[in-house]
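# Chains, contacts and geometry: an overview
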Amino acid sequence: LISFVALQTRWDQPRIIMILVPMMLIVILYGIYNAFSKSPSPVQTIYFYIVIGLCLSGVVASWNKAKENIPILEKNLSGDLYYGYTPDWVNYLKMSEWCSKNLPKDAYVACRKAPMSFIYGNGKEFFPVYSVHTSDPDSVLAYCKQNKVTYVMLASLRRNSKVADPNAIINTLWRMFQPVAQKYPQKLKLIYQQGATEPTFLYQIIY
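Our subject in this report is the structure included herewith. What you are looking at is a predicted structure, and each value in this text was computed from that prediction instead of being measured. (Residues numbered from 1 in each chain as written. Predicted model: local features only at pLDDT ≥ 70, side-chain atom pairs only at ≥ 80, totals over all residues. Heavy atoms only, no water.)

## Details of unusual backbone geometry
Going by this rule: Each helix is a run of H or I in the DSSP string that is no shorter than four residues. Each strand is a run of E no shorter than two, and both are numbered from the N terminus. Residue burial is assigned from relative accessible area. The probe radius is 1.4 Å, only protein chains are included, and a residue is buried under 20% of its type maximum, exposed over 50%, and partly exposed in between.
Even without being glycine, N122 reaches a positive phi, approximately 60°. Here N122 shows up in the loop between α5 (114-120) and β2 (126-128). Judged by its relative accessible area of 58%, N122 is exposed. Even without glycine at this site, K148 takes up a positive phi of about 60°. Along the chain, the position of K148 falls in the loop between α6 (137-146) and β3 (151-154). What makes K148 exposed here is its relative accessible area of 67%.

In structure tokens:
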């Protein structure tokens, strides 16, 4: 509930709303059940079984969804760490792995999904950028320098995982660094590109 109140106005995403849904359902269903307490007992009993039926249907739906993901999990456990991901995520995660293997140990890479990069980058630390702090190019460079960021990953992560649309990607870092590229093109050096479709780019920041 605290997470919902604190973050929902800023992160309008289903995973935040889902935190509150169980509490809402408990209050609503119990309120209706309690209202029926003054009715003849069969009404309250019937309602109780309806609620139980709804819960069971939810369990069945969850189980069916879990069964769909079991083959993906088996592939992952057998060594195919990228099986089941969409191309945008495959390129992003492979770039994270590439950074851990090919960049200097002191390289500090800014990215949008740092926890995932940390996992697929074999424990390499990445600098998380979750929101557009500024779009002024000088301020962006100052912000990165202050945090000792030396590289930036610009990915093509989909907003809607089911739709590959280059105009509908998570563009937080793009919005920060596009003004930098326009004003100081010499300060961003392309180091590596992962993937041809829905690619991820790695740029070195030249201070």
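On we go.
## A look at helix α4 (residues 87-102)
Quick note on the threshold: Helix span, expected: 1.5 Å multiplied by one less than the number of residues in the helix. Note on contacts: a residue pair qualifies if any of its non-hydrogen atoms lie within 4.5 Å across the two residues.
A rise of 1.5 Å per residue sets the reference length of α4, with its 16 residues, at 22 Å; its end C-alpha atoms lie 22 Å apart and thus fit the reference within 8%. Residues of α4 that are buried in the fold lie against β1 (109-111), α5, β2, β3, β4 (188-194) and β5 (200-205).

## Observations regarding the sheet that holds β5
Heads up, the condition is: Any two strands with at least two DSSP-identified bridges between them are counted as paired. Fitted lines through C-alpha atoms serve as axes, helices being fitted only where they are in contact, and the angles separating the N-to-C directions of these axes extend from 0 to 180 degrees.
Strand order in the open sheet made by the five strands is β2-β1-β3-β5-β4, with mixed pairing throughout. Only two strands of the sheet have a single neighbouring strand rather than two, namely β2 and β4. Sheet twist, expressed as the mean angle between neighbouring strand axes with direction ignored, is 30°. Judged from the two bridges that link them, β1 and β3 form a sheet pairing that is parallel. Each residue of the ladder has a partner; that of V109, found in β3, is Y151. Strand contacts of helix α7 (residues 172-183): β1, β3, β4 and β5, with the helix running at about 120° to β3, the strand carrying the most contacts.

## With respect to α7
Note that an α-helix has 3.6 residues per turn; residues three or four places apart therefore point the same way. Condition: Summarising the geometry, the arc corresponds to the directions from the helix axis toward the C-beta atoms.
All of the buried residues in α7 are T172, L173, M176, F177, P179 and V180. Considered in projection along α7, the buried side chains sweep an arc of 150° and stay on one side of the axis. Elements that come into contact with the buried residues of α7 comprise β1, α6, β3, β4 and β5.

## Focus: the state of the cysteines
Keep this limit in mind: Note that a disulfide, as used here, is simply two cysteine sulfur atoms within 2.5 Å.
On inspection of all chains with the given rule, the structure shows zero disulfides. Its sulfur unpaired, C99 is 8.4 Å from the next cysteine sulfur, which belongs to C111.

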